[in-house]
Structures are given as structure tokens and as C-alpha cells.
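Here is what each chain is made of, one letter per residue.
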Amino acid sequence: MLKILANIGKNLISKPYTSNYPFTPYQHFPGVRADVTFDGTKCILCGLCQRSCPAECILIHKEQEQIEYLNTQCIRCGYCVRVCPTNAISQNEVYTKPSRQRLTVYTKVTNENAPVIKKRMAAEAAKKAAAEKPATAGTGPAKPAGEKKVDEKKTSA
Amino acid sequence: MKTTIQFGPQHPVWVEPLRLKLTMDGEIVKDCELEAGFCHRGLEKKFEWDYNKGAYLSERICGICTQHHSTCYCTAVEGTMGLEIPRRAAVIRTIMLELERLHSHLLAIGLTLESIGFENLFMLCFRNREIVLDMFERTTGNRVLHGINIVGGVIRNIGPEMAKELEDFCDIMEKRCLDLKDMILKSYTIRERMQGVGVMSEQLARDLCVVGPVARGSNVPYDIRAVAPYVLYNEIKVKPIVETSGDCWARSVVRVRELFQSIDIIRQCIPLLADAGEDIFAKSKTLPEKEYFTRVEAPRGELFYYAKGKKSKEMDRIKVRTSTYGNGPGFVPLIKGSHLADVGLITITFDPCIGCFDR
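Residues numbered from 1 in each chain as written. Chains lettered and ligands numbered in written order. Predicted model: local features only at pLDDT ≥ 70, side-chain atom pairs only at ≥ 80, totals over all residues. Heavy atoms only, no water.

Trainee: Mind showing me how you'd approach the overall build of chain B here?
Mentor: Within chain B one finds 15 helices and eight strands. The C-alpha radius of gyration of chain B comes to 20 Å, within 12% of the 21 Å expected for a compact globule of 359 residues. Projected onto its principal axes, the C-alpha positions of chain B cover 65 × 45 × 30 Å. With 359 residues in all, chain B has 58% of them scored as buried. Within chain B, contacts between residues at least 6 apart in sequence are counted, and of these 71% link residues at least 24 apart. (Helix = DSSP H or I, 4+ residues; strand = E, 2+ residues; numbered from the N terminus. Rg over C-alpha atoms; globule rule 2.2 N^0.38 Å. Buried < 20%, exposed > 50% of the residue type's maximum accessible area, 1.4 Å probe, protein only. Contact = heavy atoms within 4.5 Å.)

Shown next as C-alpha cells:
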């Protein structure tokens, strides 16, 4: 009986165990795993993250030089962060709030060292050079064929 | 007059779907038919892909013993390729396994108490479990699906600061578990309700090959940590905790006593971190055409993984035999002859995980 009374007294004085949620926001621990962010200036569009992702939530569009990240499909395992050869992926530490949208994030890759972009820039430079050539030399019908070849290469690669 | 009662698939005692078809004579159950397979997901077929992704998939078999599943899978795959994991990784895995046993047993004890109507103690169990989950979030970054194991080691290190926090956690947890133990073991009401209900004799336990706390509650000292040691249990000796009576009370008491065993093992592991080297990951080799199997003592009992590789990055076959699958045949003989009011209590003391059962 005395023990019960002591417990009652203790419970009357002590603070509530649960947190007053909407007014005191949830404090996460350092190092929690949330969604990932892609760095467009570092990515080389190698596609390793796409192949390693267990949830298949990363789609690399090489033609558009773009990364599509399906946020709601991601399981926050962090495996893509491990396999990335250029450390272009970083994991956030703040949970994503519940949402009605799919929260798909598109990241444009601007890294000039990416093989796909290098090839495109080389093709563009060749095109420019070819465009300048006829003004000086004047050989007309050869250029469009050359242009087409480059385009085919790009799509097949 | 005989009546048939459908117990499940939707029943408040179990969160997951399992169906018992009970033939009743008044209040007494005369016959029982067990039906499972409501949440079959075909995970074993899905395992035939990249073995690195398999560790994340194996966690999704069960929501409670995720670390045990992924450890068992990783050990099986490492066995096929003959890979030795670094010592530090083994220590971290052991700590995580015991933390998980702690939170799973707290959940099982809480649910058992809730099924007999003791909701206050259920809340207290869950309050204690919350500390373990916070510790998981602190060390691995996730509360439930930890994703810390990969083939070849672990991905998160436990540094000196974290080790200190783990020690403090052990102190707090032991104090709280002692309170809980006092409340449960000294309670006249709980003991009267659970003693003598659903008695599984030692002979029956041996015949049905039940595993885990169910077997240990029936005086069968079968614990994989002692019988066939894995990760670090070669060094840390584990003595199986047994109870003799074999009823619902014994099965629950085994779980309560194992809480302290887990805390003790974590305490023994923390000093080993200091001189375990810095490596937490060994680079995995290519998968040879070999087969291997591993057994792990999950909170519910023996967990078995069979792995077969082919000369490719994909696995050829993974076979999973979970602990509830081993315990499943034990439901029927205990329910036969019991009261209808005891059916929920008897099944919940087996700590059934239907997600494991059906895979």
C-alpha cells in the first residue's frame, strides 16, 4: 500500500513521458538515414547507383543528362552512397514529411568529365567546325551525312 | 452440440493473418485446424538476384528480427565464397543481434500481457522498448529496418563515444528490466492466469522439434548460440535458459530472463571493440558454384538459411526456414482440449510472426 502511494506521488510530480509533438518538434539523432541528394557537378552518369539500388528508385537518363530520383519509392538503405565512384550522392539527415505528391526529384548533370557529356560536346564541336568549313571550302552535301553519323553514335552509346 | 468457430484471419490477438478453425463442444476446443499463407510474398524467388541487394531484401522478411535475418543471409553468402569478416564487424553484429533480441522479447512480453487484459504493463513494456529503438536509431540510423549488414561486414562503425553510450544504455535498461521482472514475476494475477495453461511436455517438444523459447520453456536446452556458435559466440559463452513446467508462464519467464542475458552479452562485447582493429568491411569475392547453410538463434528460435551460388553475381537459390515455421506444428496439440478463452493466450506465447511463417 505504501509503495502504491509512493508511486502515485511520484507520478503526480513527474513530467509526462510522451513529447508534446506538434509544439515540440521531433529531434532526430545525428546520423539518421533519410533520402539522398545528387550533386550534378560531380556525377559522371556511370549508372552504378541505378544498378545497385534494391528499390529501383534511381533512373539515369543518359540522353537527357538527367537523374530521376523517386523519393517515395526509396528505402533509405544508403547503398548508392557507398557505390558512387565520385561521391556525388549524399544522404540527408532530416526525414521527409508525409506528402500527397510523389516527390520525384530531377537533377540535371553538368559535369564536363562525364563520358556522355564529353561525347556530346565533341560532337557539337565537330558540328560547329563542319558548319564553319563550307563557308571557306564550299563542299555542301558531305556535311549532313557526317552530322547524322554522330547522332547515330550518340544514341547507340 | 458441436459448433465451428473461425479464429482469425483477422483477430485482435495477432496483428498478422493466421486462421484457426476450431470445432467446439461448449467452451472446450475439440479439434483445431491451422491455416496459414495469407501473406505469402514469394520472397525466396526474389532472392535470385544480385547478392548485395539480398541483404536488404532479407530484412524485409520479418519486421521484428530484421538484423537476425540479414546476418544469417550474409553469413550464408560469405560461407559460399569463403570470406572471413573482420573482427570488428563480428563484434558490431553481435551487439546488434542482442539489442534486437532485447526489443523483440519486450514486444512479445507486452503482447502476452495485453492478451490477458493487462494493458498497463503492456504500455510499460513498450516504453522500455522505445529506448532500445532509440539506441538503434543512434547506432545504425534506422529504427526498425537497420540496413547495417552487407556481404563482407557492416557499414556503420561503433566508435568510442557510441560504446560509452551503449554502456549507459545497458545500465538504464537493466534497471528498467528489473522493475519489469519484479512486476511480472511477483504478480499473483498474471501467475494464476498463465500457470497450467497450454502445457507442452518435454516429450512433445522433442517430438515436434519446436525451437527457441518454446522449447526452452519445456526443459529442452536448445539454443543455437550454445549448440552451433556463429559470429562471436565462440568466445562469449551462452548458457541456455530453461524452465521446466512448459506452460504459458514458463515460456514468458524464459523471455523475461533472456532480457538480462542479452544485456550481459552486450556488456561483454563492448570492451572487445577497443582492440578489434579498424576494418569493418572485407571486399567480397566473386560467387563460386558452391552451397552453404547457416543457423542463427533469432528471438523466436532457430533461423535457417541455405544459399547456393552460381558463377555470376546472382544467387542460384536461397531457402529460408524461419523460427515460427518450426513452432507452427506446436499450436494444434496445445489448443486441443483447452478453453476458447485460452486460445489467444496460448498462441501469443509462441510469439508467432506470420510474416516469417509465410515469407
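Next comes the rest of the description.
Trainee: I tried to follow the interface of chain B and chain A on my own but got confused; where do I start?
Mentor: How large an interface is tends to be reported as the accessible area lost when its parts come together. In this complex, chain B contributes 21 residues to the contact, which on the side of chain A involves 18 residues. Together chain B and chain A conceal approximately 1700 Å² of surface at their shared face, both sides included; 49% is due to carbon and sulfur atoms. Taken as a group, K53, Y56 and E137 of chain B account for 32% of the area that chain B buries against chain A, more than any other trio of residues on that side. Joining chain B to chain A, the criterion identifies zero salt bridges. The tally of links between chain B and chain A comes to seven residue pairs in polar contact (both at pLDDT 80 or more). For the side of chain B that touches chain A, the secondary-structure elements that each account for two or more residues are α2 (51–59) and α5 (119–140) of chain B. It is α5 of chain B that provides the largest number of residues to the side of chain B that touches chain A, a total of six residues. By residue class, the composition of the side of chain B that touches chain A is seven nonpolar, six polar and eight charged. (Buried area = accessible area lost by both parts, 1.4 Å probe. Salt bridge = Lys/Arg side-chain N within 4 Å of Asp/Glu carboxyl O. Polar contact = N/O pair within 3.5 Å; in protein donor to acceptor, adjacent residues only side chain to side chain. Nonpolar A, V, L, I, M, F, W, Y, C, P; charged D, E, K, R; others polar.)

Trainee: Any chance you could explain the nonpolar core here in plain terms?
Mentor: A general feature of soluble globular proteins is that nonpolar side chains tend to end up buried together. Counting 121 residues, the largest nonpolar core has Y73, L99, F169 and Y305 of chain B as the members making the most contacts within it. Among the elements that take part in this core, helix α4 (residues 87–115) of chain B stands out by supplying 14 residues, more than any other. Each residue touching Y73 of chain B, except ones within four places of it in the same chain, is listed here: F47, Y51, G54, A55, S58, V151, Y305, M315 and I318 of chain B. Counting residues in hydrophobic clusters, the runner-up holds 21 residues, among them C49, L70, C84 and I89 of chain A. (Core = buried A, V, L, I, M, F, W, Y, C linked by side-chain atoms within 4.5 Å.)

Trainee: Would you mind showing me how to read the pattern of salt bridges here?
Mentor: Oppositely charged side chains can form a pair if their charged atoms are brought close together. Residue and element names in this part refer to chain B. Counted by the stated rule, this structure contains 29 salt bridges over all chains. Where E258 meets R216, a salt bridge forms, and the shortest distance between an N and an O atom there is 1.8 Å. Within this pair, whereas E258 is found in helix α11 (residues 248–274), its partner R216 is found in helix α9 (residues 212–217), the two being separated by 42 residues in sequence. Residue class for E258 comes out buried when judged on its relative accessible area of 1%. Residue classification places R216 among the buried residues on the basis of a relative accessible area of 0%. Where salt bridges share partners, they join E98, R101, R216, D223, R225, E258 and E297 into one cluster.

Trainee: What is the right way to look at the packing of aromatic side chains in this model?
Mentor: Working definition: an aromatic ring pair is given by the centre-to-centre distance plus the angle between the planes. Residues and elements named next belong to chain B. Counted by the stated rule, this structure contains ten aromatic pairs over all chains. Arranged with centres 5.4 Å apart and planes meeting at 25°, the rings of F47 and Y73 form a pair that is stacked. Of this pair, F47 sits in the loop between α1 (43–46) and α2 while Y73 sits in helix α3 (residues 66–81), placing them 26 residues apart in sequence. Judged by relative accessible area, which is 0%, F47 ranks as buried. (Phe/Tyr/Trp six-rings, centres within 6.5 Å; stacked < 30°, edge-to-face > 60°.)

Trainee: Would you mind showing me how to read helix α14 (residues 340–349) of chain B here?
Mentor: Think of an α-helix as turning once every 3.6 residues; residues three or four places apart then point the same way. Among the ten residues that make up α14 of chain B, eight are buried, leaving the element largely enclosed by the rest of the structure. Taken from the residues just after α14 of chain B, D351 of chain B is the one with a positive phi, measuring 55°.

Trainee: Just to check I follow, could you spell out unusual backbone geometry for this structure?
Mentor: Excluding glycine, residues mostly carry a negative phi; peptide bonds, for their part, are mostly trans. The phi torsion at R76 of chain A lies on the positive side, around 55°, for a residue other than glycine. Summarising the element assignment, R76 of chain A is placed in the loop between β3 (66–70) and α3 (79–83). Taking the relative accessible area as the measure of exposure, R76 of chain A reaches 18% and is therefore buried. At N219 of chain B, a position not held by glycine, the phi torsion is positive, near 65°. Looking at the element boundaries, N219 of chain B is found in the loop between α9 and α10 (224–227).

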